[in-house]
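# Summary of the model geometry
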Amino acid sequence: MLFKNRYIVYGRVQGVGFRRFVLRCADEYSVGGWVKNRPDGNVEIEAIGTQPELSGFLDRVAQGSWFSNVEEIEEVTSSQIDNASREFRIIRG
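So, here's what we can say about the structure. Each chain has its residues counted from 1, following the order in which its sequence is written. Predicted model: local features are reported for residues with pLDDT of at least 70 only, side-chain atom pairs are reported and counted for 80 or more only, and whole-chain, interface and lining totals are derived from all residues. The basis for every side-chain value is the complete set of heavy atoms in the structure, and neither hydrogens nor water enter the calculation.

## A short note on the sheet that holds strand β2 (residues 32-37)
Where we set the bar: Pairing between two strands requires that DSSP report at least two bridges joining them. Only runs of H or I of at least four residues qualify as helices and only runs of E of at least two qualify as strands under DSSP, and these elements are numbered from the N terminus. Axis lines are fitted to C-alpha atoms, over the contacting stretch for helices. Their N-to-C directions set the angle, which ranges from 0 to 180 degrees. In this analysis, two residues are considered to be in contact whenever any of their non-hydrogen atoms come within 4.5 Å of each other.
Judged by pairing direction, the sheet is mixed, and its five strands sit side by side in the order β4-β1-β3-β2-β5 without closing on themselves. Looking at strand neighbours, the two that pair on one side only are β4 (69-81) and β5 (88-91), the edges of this open sheet. Sheet twist, expressed as the mean angle between neighbouring strand axes with direction ignored, is 15°. Strand direction decides the pairing type here: strand β1 (residues 2-12) and β4, joined by eleven bridges, are antiparallel. Within β4, the position partnered with Tyr-10 by the bridge is Glu-72. Sheet strands touched by helix α1 (residues 18-29): β1, β2, β3 (43-49), β4 and β5. Its angle to β5, the strand with the most contacts, is close to 170°. Each of β1, β3, β4 and β5 is contacted by helix α2 (residues 51-63), which is oriented at about 155° to β3, the strand it contacts most.

## Remarks on the packing of α1 against α2
Operational definition: Reported orientations rely on four angle classes, namely roughly parallel under 35 degrees, roughly antiparallel over 145, roughly perpendicular from 65 to 115, and oblique for the rest. For any pair of crossing helices, the crossing counts as left-handed if the nearer helix is rotated counterclockwise from the farther one by less than a right angle, and right-handed if it is rotated clockwise. Residues are grouped as follows: nonpolar covers Ala, Val, Leu, Ile, Met, Phe, Trp, Tyr, Cys and Pro; charged covers Asp, Glu, Lys and Arg; every other residue, Gly included, is treated as polar.
Close contact between α1 and α2 brings their axes to 9 Å; oriented N to C, the two are set at 150°. One element, α1, and the other, α2, form an angle in the roughly antiparallel class. When the axes of α1 and α2 are compared, the crossing they make is right-handed. Here α1 contributes Phe-18, Phe-21, Val-22, Cys-25, Ala-26, Glu-28 and Tyr-29 to the contact with α2, which in turn contributes Glu-53, Gly-56, Phe-57, Arg-60 and Val-61. Residue classes in the contact of α1 with α2 are distributed as eight nonpolar, one polar and three charged.

## Looking at the pattern of salt bridges
Put simply, the rule reads: Any Lys or Arg side-chain nitrogen found within 4 Å of a carboxyl oxygen on Asp or Glu counts as a salt bridge. Summary of the burial criterion: residues with accessible area below 20% of their type's maximum are buried, those above 50% are exposed, and those between are partly exposed, where the area comes from a 1.4 Å probe applied to protein chains only.
With the rule as written, the count across this model stands at five salt bridges. Its salt-bridge partner being Glu-44, residue Arg-6 comes within 3.5 Å of it at the nearest N-O pair. One end of the pair, Arg-6, is in strand β1; the other, Glu-44, is in strand β3, with 38 residues separating them in the sequence. Glu-44 sits in the buried class, given a relative accessible area of 10%. Between Glu-44 and Arg-38 there is a salt bridge, with the nearest N and O atoms lying 3.5 Å from each other. Overlapping salt bridges, with partners in common, bring together Arg-6, Arg-38, Asp-40, Glu-44 and Glu-46 in one network.

Listed below in structure tokens is the structure:
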């Protein structure tokens, strides 16, 4: 069973290589979806995977990269889905 969850990551997460770090975490846990910078200085993530994959992924993201400082991760939406791509990408812009 797959889930599609959307998160907002608060803290020092822009300009510090955080999106690339999230991409590596997604690869490590076989999570699909995307990551992008938000205009408010935070980062948004859409993650697709099983509950154990998403849990491990989120725990790792919460630790942050070397130069980042994750203060909080807010789950915005969560839904069960039947099938989805396991590709993860960085959305620029």
